[in-house]
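So you can see what is in the structure, the chains are spelled out below.
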Amino acid sequence: MELYLIRHTRVAVPKGTLYGQSDVALADTFAEEAATIRKQLPAAWDLLYSSPLTRCKTLADWLGSAPDFDDLLMEMSFGDWDGKLLTDLPQKEARDWGDNWLTQRTPGGEGFPDLYRRSEQFIERLAREAKGKVALVVAHSGLLRCLCLQLHPEYSRWDKSKTFSIPLDYGGVIHIPTPNLPER
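Below you will find a few notes about this structure. (Residues numbered from 1 in each chain as written. Predicted model: local features only at pLDDT ≥ 70, side-chain atom pairs only at ≥ 80, totals over all residues. Heavy atoms only, no water.)

**Thoughts on the overall build of the protein**
Working step 1: When helices and strands are tallied, the protein shows 5 helices and 7 strands.
Working step 2: From first element to last, N terminus to C terminus, the protein shows the α and β order β-β-α-β-α-β-β-α-α-β-α-β.
Working step 3: By the compact-globule yardstick of 16 Å for 184 residues, the protein fits well, its C-alpha radius of gyration being 16 Å.
Working step 4: Of all 184 residues assigned to the protein, the portion counted as buried reaches 51%.
Working step 5: For the protein, long-range pairs separated by at least 24 residues make up 72% of all intrachain contacts whose partners lie at least 6 apart in sequence.
Working step 6: Entry remark: accessible area of the protein is about 8,900 Å², with carbon and sulfur atoms responsible for 49%.
Working step 7: Distance between charge centres in the protein, computed from 22 positive and 26 negative side chains, equals 3 Å. (Helix = DSSP H or I, 4+ residues; strand = E, 2+ residues; numbered from the N terminus. Rg over C-alpha atoms; globule rule 2.2 N^0.38 Å. Buried < 20%, exposed > 50% of the residue type's maximum accessible area, 1.4 Å probe, protein only. Contact = heavy atoms within 4.5 Å. Areas by Shrake-Rupley, 256 points an atom, 1.4 Å probe, with all protein chains shown as cover. Lys, Arg positive; Asp, Glu negative; His and termini not counted. Charge placed at Lys NZ, Arg CZ, Asp CG, Glu CD.)

Here you go:
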């Protein structure tokens, strides 16, 4: 199996906004960023998975290969904080969550363990469907980094506390020639 993890392009939200599972608009740089992404992908692939949120769906549709939209690939839900600026959050709660993001949920939302569990469920799907194939996954920063922690030969040795140190900018592509898939 060969895997390409693709982060959606830039979004049109104010800097410092927690937009998790909010359906936000893309920045006007989409066409340019999408063309750059396409240059990093193989000429053909067998499977294309995508988060159903517009910022991923638009890119997956643009790639033009009958995307399979999967809720498991959505970004972490920030619950009551989704769509809010960090500066507008109750500061004590936000600080507490920031200090304990590996274990604590946001109010009415998910925590890192929930996101990680969804990535594990998606990996089980890959193990069933993608063996011996070239697969693309269009998703979000948090979810893709969780996949890297489990599938990438280098990052799979990292502690979960380093998750957000995995380099993955908007429009970033991480190629994993032979992912560490579980045996089925």
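**Details of the packing of aromatic side chains**
Working step 1: If you walk through the whole model with that rule in mind, you get 8 aromatic pairs.
Working step 2: An angle of 85° between the planes, with centres 5.1 Å apart, marks the rings of Tyr 49 and Phe 122 as edge-to-face. One end of the pair, Tyr 49, is in strand E3 (residues 47-50); the other, Phe 122, is in helix H4 (residues 112-129), with 73 residues separating them in the sequence.
Working step 3: Geometrically, the ring pair formed by Phe 112 and Tyr 116 is tilted, given 5.8 Å between the ring centres and 40° between the ring planes. Here Phe 112 and its partner Tyr 116 are both found in helix H4, 4 residues apart, which amounts to about one turn of the helix.
Working step 4: Phe 112 gets classed as buried once you look at its relative accessible area, which sits at 3%.
Working step 5: Cluster of aromatic residues (ring-pair linked, three or more members): Trp 101, Phe 112, Tyr 116 and Phe 164.
Working step 6: Over the ring of Tyr 116 we find Lys 160, and its NZ or CZ is 4.0 Å from the ring centre. (Phe/Tyr/Trp six-rings, centres within 6.5 Å; stacked < 30°, edge-to-face > 60°. Lys NZ or Arg CZ within 6 Å of the ring centre and 35° of its normal.)

**Here's the deal with H4**
Working step 1: Here H4 is 18 residues long and its end C-alpha atoms lie 26 Å apart, about the 26 Å a rise of 1.5 Å per residue gives.
Working step 2: Looking only at H4, the buried set comprises Phe 112, Asp 114, Leu 115, Tyr 116, Arg 118, Ser 119, Phe 122, Ile 123, Arg 125, Leu 126 and Ala 127.
Working step 3: Close packing links the buried residues of H4 with strand E1 (2-7), E3, strand E4 (68-69), strand E6 (134-139) and helix H5 (141-151). (Expected span 1.5 Å × (residues − 1).)

**Re the packing of helix H1 (residues 30-39) against helix H2 (residues 54-63)**
Working step 1: In contact at an axis separation of 11 Å, H1 and H2 are set at 55° when each is read in the N-to-C sense. Judged by the angle between their axes, H1 and H2 are oblique. Two packed elements cross with a definite hand, and for H1 against H2 that hand is right-handed. Only Thr 58, Leu 59, Trp 62 and Leu 63 of H2 make contact with H1, whose side of the interface consists of Phe 30, Ala 34, Ala 35, Ile 37 and Arg 38.
Working step 2: Residue composition of the contact of H1 with H2, grouped by class: 7 nonpolar, 1 polar and 1 charged. (Axes fitted to C-alpha atoms, helices over the stretch in contact; angles between N-to-C directions. Parallel < 35°, antiparallel > 145°, perpendicular 65-115°, else oblique. Left-handed = near helix turned anticlockwise from the far one by under 90°. Nonpolar A, V, L, I, M, F, W, Y, C, P; charged D, E, K, R; others polar.)

**Considering the sheet that holds E4**
Working step 1: Spatially, E4-E3-E6-E1-E7 is the arrangement adopted by the 5 strands of the open sheet, whose pairing is mixed. Edge positions in the open sheet fall to E4 and strand E7 (173-176), since each of these has one partner strand only.
Working step 2: In terms of strand pairing, E3 meets E6 through 4 bridges, oriented parallel. Note that in E6 the partner of Ser 50 across the bridge is Val 138.
Working step 3: Along the sheet, H2 makes contact with E1, E3, E4 and E6, crossing E6 at roughly 145°.
Working step 4: Across the sheet, H5 is in contact with E1, E6 and E7; its angle to E1 comes to roughly 155°. (Pairing = 2+ DSSP bridges.)

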